[in-house]
Amino acid sequence: MYPPEPWHLRGQMYLSVFLIPRRDMPALPPVLDATVRPITVGGRVAVGAAWVSYEPGGVLHYRELLSAVLVHERGRPRVSITDIWVDSVASREGGRRLWGIPKELADFILDAETEPLVDATITAPGGAPIGSALVRLKRRLPGRYPVGFTVAQQLGEQVRRTPVRGRAGLRTAAAAWRPEPGGPLAYLAGRRPVLSLAITDFWLTFGRSAEERAKSRSAG
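**Quick notes on the nonpolar core**
- The biggest cluster of nonpolar side chains holds 34 residues, and the ones touching the most others in it are Trp51, Leu65, Trp85, Ile122 and Trp177.
- Counting residues per element, the ones that place at least two in this core are β1 (7-21), β4 (44-54), β5 (62-73), β8 (107-111), β9 (117-123), β10 (129-155) and β11 (158-179).
- Here this core gets five residues from one element, more than from any other, and that element is β10.
- Apart from the residues lying within four places of it in its own chain, the contact partners of leucine 65 are Ala50, Trp51, Asp83, Ile84, Trp85, Phe108, Ile122, Trp177 and Leu185.
- Grouped together as the second largest cluster of nonpolar side chains are 27 residues, Val52, Tyr54, Leu98 and Leu204 included.

Here's what the structure looks like:
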């Protein structure tokens, strides 16, 4: 039903970073909460939210909205995804079973045809609104840049740490987010991002090969 890891993916991402009070931070599952700690800036927690269009040329192509908390594990930075929706059953099942990413299904409009504007809307399968955003793309930075981070999720009763590596172009951007106040992203409602970027024409490798997983188990 879904490809084995690693997943090789390509596409476009529209990312915003918010700083929210710790009391409003989305909850982490128990095993993960006992292992990692949120990274704070001025007493506030850094939360990244992103619309993603995965395009043909990768192992899957679909659309996605995610929200993730920036955390650390004994000083090592990690990304923990707390809320995420996709419009692909294969992506949902693979994300859940391989890496413990709590993907749900949703319906998307992600319109990037009216450059420099990107208009995004997401609704639950029954039609309940989750949120929307309008992103204005700005200056394109020269060159391509390495992308690298580790996703930490609870999978069963363990923490699954998954490397993500790739390269991408970058554009500055401005984004107006409109999460539904009574919806699952209510903790972002009424807040302005402190930073927005477009991560363009990216190539990502999500996960490890069988050989890399074997080496990791041997090292552990």
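**Remarks on the layout of surface pockets**
- Taken as a whole, the largest pocket holds about 820 Å³ of empty space.
- Around the largest pocket sit 37 residues that line it, and Met13, Leu15, Val79, Phe149 and Ile199 are the ones nearest its centre.

**Here we look at the packing of aromatic side chains**
- All chains considered together, the criterion is met by seven aromatic pairs.
- Each ring, one from phenylalanine 18 and one from tryptophan 177, has its centre 5.9 Å from the other, and the planes form 80 degrees; the classification is edge-to-face. With phenylalanine 18 in strand β1 and tryptophan 177 in strand β11, this residue pair connects regions lying 159 residues apart in the sequence.
- One aromatic cluster in this structure is built from Phe18, Trp51, Phe108 and Trp177.

**A look at the pattern of salt bridges**
- As enumerated under the stated definition, the model contains 10 salt bridges in all.
- Among the salt bridges present, the one from glutamate 5 reaches arginine 160, with a minimum N-O distance of 2.5 Å. Of this pair, glutamate 5 sits in the segment before β1 while arginine 160 sits in strand β11, placing them 155 residues apart in sequence. Summarising the burial analysis for this pair, glutamate 5 and arginine 160 share the class buried.
- The closest approach of N and O atoms between arginine 78 and glutamate 73, which form a salt bridge, is 3.1 Å. Each member of the pair, arginine 78 together with glutamate 73, is buried.
- Via salt bridges that share partners, Glu73, Arg78 and Arg161 belong to a single interconnected network.

Cut-off values and rules
- Residues numbered from 1 in each chain as written.
- Predicted model: local features only at pLDDT ≥ 70, side-chain atom pairs only at ≥ 80, totals over all residues.
- Heavy atoms only, no water.
- Core = buried A, V, L, I, M, F, W, Y, C linked by side-chain atoms within 4.5 Å.
- Buried < 20%, exposed > 50% of the residue type's maximum accessible area, 1.4 Å probe, protein only.
- Helix = DSSP H or I, 4+ residues; strand = E, 2+ residues; numbered from the N terminus.
- Contact = heavy atoms within 4.5 Å.
- 1 Å grid on protein atoms, 1.4 Å probe; cavity = no way out; pocket = protein on both sides within 12 Å on 5 of 7 lines; lining within 4 Å.
- Points joined across faces, edges and corners; volume = space filled by probe spheres on them.
- Phe/Tyr/Trp six-rings, centres within 6.5 Å; stacked < 30°, edge-to-face > 60°.
- Salt bridge = Lys/Arg side-chain N within 4 Å of Asp/Glu carboxyl O.

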